[in-house]
Amino acid sequence: MDLKMIGFDAPLFSALHHMLDAAADDSDKSVSAPTRTYVRDAKAMAATPADVIEYPNSYAFVIDMPGLKSGDIKVQVEDDNVLVISGERRREEEKEGAVKYVRMERRVGKFMRKFGLPENANTDKISALCQDGVLTVTVEKLPPPEPKKTKTIEVKIA
């Protein structure tokens, strides 16, 4: 639209018109597009289902990890309250010409899950056990705080 036709030929309006046209041209390019790392991590998290179980004295995080060795799995605590379970499942090395896959359905690649730990989680007492393809990460609970004892103050008579 020509601004001169409707009586807006001042330099301010020309500059605004130019800025609006430039913004319209750049609207196809999203400034806040997610990074590759973010997309990869989001896919890895979505593809790693987990069960979280609360027991009287602990929390258990249960994730299926068939065919993985302990070196392929990493359990960490970030920022003192985020449990991170990650790793990578790799495809077996194939010898050239010896093997031809007819169908490949098993998931390979990186996996990751992050769990915010509750305030009563004891991050110093975390154990991880992978048995029969199931990883169980156990986080002990802190003991409940003892109730404060009532302090009696002696009243002196003057």
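Residues numbered from 1 in each chain as written. Predicted model: local features only at pLDDT ≥ 70, side-chain atom pairs only at ≥ 80, totals over all residues. Heavy atoms only, no water.

> How would you explain the sheet that holds strand E5 (residues 109-116) if you had to name every residue and give the values?
Taken together, three strands build an open sheet; the order of strands is E3-E4-E5 and the sheet is antiparallel. The open sheet is flanked by strand E3 (73-78) and E5, the only strands paired with a single partner. Averaged over all adjacent pairs, the angle separating strand axes in this sheet is 15 degrees, with direction ignored. Both strand E4 (residues 82-89) and E5 contribute to a ladder of eight bridges, which runs antiparallel. Along E5, the bridge assignment pairs Leu 83 with Phe 115. (Pairing = 2+ DSSP bridges. Helix = DSSP H or I, 4+ residues; strand = E, 2+ residues; numbered from the N terminus. Axes fitted to C-alpha atoms, helices over the stretch in contact; angles between N-to-C directions.)

> Residues and numbers for the packing of aromatic side chains, please.
By the definition in use, this model includes one aromatic pair. Measuring from ring centre to ring centre gives 4.8 Å for Phe 61 and Phe 115, while their planes differ by 45 degrees; the resulting arrangement is tilted. You can see Phe 61 sitting in strand E2 (residues 58-64) and its partner Phe 115 sitting in strand E5, a full 54 residues away along the chain. Just as Phe 61 is buried, Phe 115 falls in that class too. Taking NZ or CZ as reference, Lys 141 lies 4.9 Å from the ring centre of Tyr 59, over its face. (Phe/Tyr/Trp six-rings, centres within 6.5 Å; stacked < 30°, edge-to-face > 60°. Buried < 20%, exposed > 50% of the residue type's maximum accessible area, 1.4 Å probe, protein only. Lys NZ or Arg CZ within 6 Å of the ring centre and 35° of its normal.)

> Which residues make up the pattern of salt bridges, and what values do they have?
Inspection of the entire model under this criterion finds two salt bridges. For Lys 141, the salt bridge is made with Glu 54, and the minimal N-O distance between the two is 2.7 Å. Taken as a pair, Lys 141 in strand E7 (residues 134-141) and Glu 54 in strand E1 (residues 51-54) lie far apart in primary sequence, 87 residues in all. Notably, a salt bridge pairs Lys 114 with Glu 78, separated by 3.8 Å at the nearest N-O pair. Taken together, the residues span a long stretch of sequence, with Lys 114 in strand E5 and Glu 78 in strand E3 at a distance of 36 residues. Owing to a relative accessible area of 38%, Lys 114 belongs among the partly exposed residues under this scheme. (Salt bridge = Lys/Arg side-chain N within 4 Å of Asp/Glu carboxyl O.)

> Got a sec to walk through the nonpolar core? Specific residues and values, please.
Counting residues in each nonpolar core, the largest one holds 15 residues, and the members touching the most others are Phe 61, Met 65, Leu 83 and Ile 85. Taken together, the elements giving at least two residues each to this core come down to E2, E4, E5 and E7. Sequence-distant contacts of Ile 85, that is, excluding residues within four places in its chain, are made with Phe 61, Ile 63, Met 65, Lys 74, Val 75, Phe 111, Met 112, Arg 113, Phe 115, Leu 135 and Val 137. (Core = buried A, V, L, I, M, F, W, Y, C linked by side-chain atoms within 4.5 Å. Contact = heavy atoms within 4.5 Å.)

> Let's hear about the sheet that holds strand E6 (residues 121-131): which residues, and what values?
Pairing is antiparallel across the open sheet formed by four strands, whose spatial order is E1-E2-E7-E6. On the outer flanks of this sheet lie E1 and E6, each paired with one strand and no other. Neighbour to neighbour, the strand axes of the sheet diverge by 20 degrees on average, direction disregarded. Summarising the sheet, E6 and E7 pair through seven bridges and their orientation is antiparallel. Bridge assignment links Ile 126 to a residue of E7, and that residue is Val 139.

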